[in-house]
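# Chains, contacts and geometry: an overview
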Amino acid sequence: MTARVFQVRESNRFDVTPAEEYGELSVLLKSSDCSPFNPDRFGRGLRDRLDQVEYDPNRDYIILSGDMLDLIFTIGFLKSEYEHVKVLIFNARDNAYFPRVLSDLIRERAAG
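Note that the coordinates shown come from a computational prediction; the quantities given were computed from them, not determined experimentally.

### Topic: the side chain of aspartate 60
- Structurally, the position occupied by aspartate 60 is in the loop between helix H1 (39-52) and strand S3 (61-63).
- According to the relative accessible area criterion, aspartate 60 is buried, its value standing at 0%.
- Polar side-chain contacts of aspartate 60 include one of 2.6 Å to the side chain of arginine 4.

What follows is the structure, given as structure tokens:
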């Protein structure tokens, strides 16, 4: 199965089409779905959606753009469930996304 790229929540503020280089784009949460101001509901909604799409941390990416609270809760949740999380970080100068693995970044900083 090919890699997929997940935007945490629908947004018209950011053009995420350059991320298609890494896989098929998909949205995890609709704009009307659970609020990060209700962390328990947000976590349940996110878990249900990740199960539904059969998220695979070894294959799939999360785009690090959008609402900061959504990203904090999503990455925190994923890091509590998986050893590493593949993310795409946008570089505005190059108008491109670059892949990173969060566990690698954390280890590099700790060793630093």
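Once you've had a look at it, read on.
### Focus on helix H2 (residues 68-81)
- Its 14 residues place the ends of H2 20 Å apart at the C-alpha level, agreeing with the 20 Å of an ideal helix rising 1.5 Å per residue.
- Listing the buried residues of H2 in full gives Asp70, Leu71, Thr74, Ile75, Phe77 and Leu78. Here the buried residues of H2 occupy an arc of 160° about the axis, which is enough to place them on one side. For H2, the exposed residues lying more than 90 degrees away from the buried face are Met68, Ile72 and Ser80.
- The opening residue of H2 is aspartate 67, an N-cap whose side-chain oxygen sits 3.1 Å from the backbone nitrogen of leucine 69.

### Quick look at the sheet that holds strand S2 (residues 24-29)
- If you walk across this open sheet you meet the five strands as S2-S1-S3-S4-S5, and the pairing is mixed. In the strand order of this sheet, the two ends are held by S2 and strand S5 (96-101), each with one partner. Taken pair by pair, the neighbouring strands of this sheet meet at an average axis angle of 35°, ignoring direction.
- Sheet topology places strand S4 (residues 86-91) next to S5; six bridges connect them, and they run antiparallel. Each bridged residue has a counterpart across the sheet, and for lysine 86 the counterpart in S5 is valine 101.
- Packed onto the sheet, H1 meets strand S1 (4-9) and S2 and runs at close to 145° relative to S2.
- Across the face of the sheet, H2 comes into contact with S1, S3 and S4 while running at roughly 130° to S1.

About the cut-offs
Residues numbered from 1 in each chain as written. Predicted model: local features only at pLDDT ≥ 70, side-chain atom pairs only at ≥ 80, totals over all residues. Heavy atoms only, no water. Helix = DSSP H or I, 4+ residues; strand = E, 2+ residues; numbered from the N terminus. Buried < 20%, exposed > 50% of the residue type's maximum accessible area, 1.4 Å probe, protein only. Polar contact = N/O pair within 3.5 Å; in protein donor to acceptor, adjacent residues only side chain to side chain. Expected span 1.5 Å × (residues − 1). Arc of directions from axis to C-beta. Pairing = 2+ DSSP bridges. Axes fitted to C-alpha atoms, helices over the stretch in contact; angles between N-to-C directions. Contact = heavy atoms within 4.5 Å.

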